[in-house]
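The lines below spell out each chain.
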Amino acid sequence: MFDFSGTLFRVEPTEDWLRAVVADAGIDLSEAELTACAALLEEAGALPGGASPRRLPARLEPLWRERDLSPGQHRAAYTALAREVPLPSAELADALYERHRTPAAWRPYPDTAATLGALRARGVPVAVVSNIGWDLRPVFRAHGVDQLVDAYVLSFEHGVQKPDPRLFGAACEALGAAPADVLMVGDDAVADTGAAALGCRVLLVEHLPVERRPNGLSAVLGLL
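All values derive from a computational prediction rather than experimental measurement.

**Q** Would you explain the side chain of Thr79 in this entry?
**A** Mapped onto the secondary structure, Thr79 falls in helix α4 (residues 71–82). The residues touching Thr79, leaving out its near neighbours within four places in the chain, are Ala93, Asp94 and Tyr97.

**Q** Sorry if this is basic, but what is going on with the nonpolar core here?
**A** Nonpolar side chains in soluble globular proteins tend to end up buried together. One finds Phe2, Phe4, Leu41, Leu136 and Phe140 to be the most contacted residues of the largest nonpolar core, which totals 51 residues. In terms of residues, this core owes the most to one element, helix α2 (residues 31–44), which gives 5 residues. Aside from chain neighbours lying at most four places away, what touches Phe140 is Phe4, Leu8, Phe9, Val128, Val145, Asp146, Val149 and Tyr152. In this structure, Val129, Val153, Ala170 and Met184 belong to the second largest nonpolar core, which totals 16 residues.

**Q** I keep staring at α2 and nothing clicks. Help me out?
**A** Side chains that are three or four residues apart share a direction in an α-helix, a result of its 3.6 residues per turn. With 14 residues, α2 extends 20 Å from end C-alpha to end C-alpha; this agrees with the ideal 20 Å at 1.5 Å per step. Along α2, the residues that are buried comprise Leu34, Cys37, Ala38, Leu41 and Ala44. Projected down its long axis, α2 shows its buried positions confined to an angular sector of 120 degrees, all on one face. For α2, the elements touching its buried residues are α1 (14–25), α4 and α5 (92–100). Downstream of α2 by a residue or two, Gly45 has a phi angle that is positive, lying close to 75 degrees.

**Q** How should I be thinking about the pairing of strand β3 (residues 127–130) in this particular structure?
**A** It is a general feature of regular strands that their side chains alternate between the two faces of the sheet. The two faces of β3 match: Ala127 and Val129 on one face and Val128 and Ser130 on the other face are all buried. Here β3 pairs with strand β4 (residues 151–154) via 4 bridges, running parallel. What sits directly across from Ser130, in β4, is Leu154. Crossover connection from β3 via helix α7 (residues 137–142) to parallel β4: handedness right-handed.

**Q** How should I be thinking about the pattern of salt bridges in this particular structure?
**A** Side-chain pairs of opposite charge can arise whenever the charged atoms involved come near each other. This structure, assessed with the given rule, holds 17 salt bridges. Of the charged contacts in the structure, one is a salt bridge between Asp164 and Arg166, with a shortest N-O distance of 2.8 Å.

**Q** Got a minute to help me understand the packing of aromatic side chains in this structure?
**A** The relation between two aromatic rings is expressed through the spacing of the ring centres and the mutual angle of the planes. For the structure shown, the criterion picks out 8 aromatic pairs. Measuring from ring centre to ring centre gives 5.5 Å for Trp64 and Tyr78, while their planes differ by 70 degrees; the resulting arrangement is edge-to-face. You can see Trp64 sitting in helix α3 (residues 61–65) and its partner Tyr78 sitting in helix α4, a full 14 residues away along the chain. When its relative accessible area of 14% is taken as the criterion, Trp64 is described as buried. On the numbers, 6.3 Å between centres and 45 degrees between planes, the contact of Trp106 with Trp134 is tilted.

**Q** Quick question: what am I supposed to make of the side chain of Thr112 here?
**A** Along the polypeptide, Thr112 turns up in helix α6 (residues 112–122). Residue classification places Thr112 among the buried positions, given a relative accessible area of 0%. Ignoring sequence-local partners within four residues, the contact set of Thr112 consists of Thr7, Leu8 and Leu217.

**Q** Where do I start with helix α9 (residues 165–175) in this structure?
**A** Among the residues of α9, Leu167, Phe168, Ala170, Ala171, Cys172 and Leu175 are the ones counted as buried. Positioned one or two residues after α9, Gly176 has a phi angle of 65 degrees, which is positive.

Rules behind the numbers
Residues numbered from 1 in each chain as written. Predicted model: local features only at pLDDT ≥ 70, side-chain atom pairs only at ≥ 80, totals over all residues. Heavy atoms only, no water. Helix = DSSP H or I, 4+ residues; strand = E, 2+ residues; numbered from the N terminus. Contact = heavy atoms within 4.5 Å. Core = buried A, V, L, I, M, F, W, Y, C linked by side-chain atoms within 4.5 Å. Buried < 20%, exposed > 50% of the residue type's maximum accessible area, 1.4 Å probe, protein only. Expected span 1.5 Å × (residues − 1). Arc of directions from axis to C-beta. Pairing = 2+ DSSP bridges. Right-handed = clockwise from strand over helix to strand, strands pointing away. Salt bridge = Lys/Arg side-chain N within 4 Å of Asp/Glu carboxyl O. Phe/Tyr/Trp six-rings, centres within 6.5 Å; stacked < 30°, edge-to-face > 60°.

Structure, rendered in structure tokens:
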């Protein structure tokens, strides 16, 4: 089992995310203005898959805790965080949310395809287990690795979030494997270690930019 964001894929930097959206909207921002706005968006935690909010408004805490249970909750949480920032246009909150759901917003780690391919060659089935509010399958298809994944177990489709063991249990069932025979690979020491409650082994990798995490997944092959 693999986590998605921070494990197999990493979302684009906040400045790139904002730059793409303002360009599509035809909004003219200086580089200084764009950099300043991106910094505020990052501080707010408005980019899904990016940094968590540094200061979460109290009124958003309940929504934030359950943001990955449904598409509506996910969108509401992240657009609300974006609106905490003085954006150049009010419509950008929704446009920013839509951008992060596109394959162009995501980059596979350099060893993602090689690791998944090696597992496929060994006959080891793979599931992607993610806390998320939208269908990430098109991201895998666009980057040419969908054929290396046997099952997707996504929180919004099951109505349960990691670290709840039920989500990992659904993944083990989809793989046709006993938990004791399954390895969970992720980057979150709270969410992803929930698999241990079922008896799965857990391997944590660093959530780092693509260029700074070489061979982060190579340890997986050594554990099999």
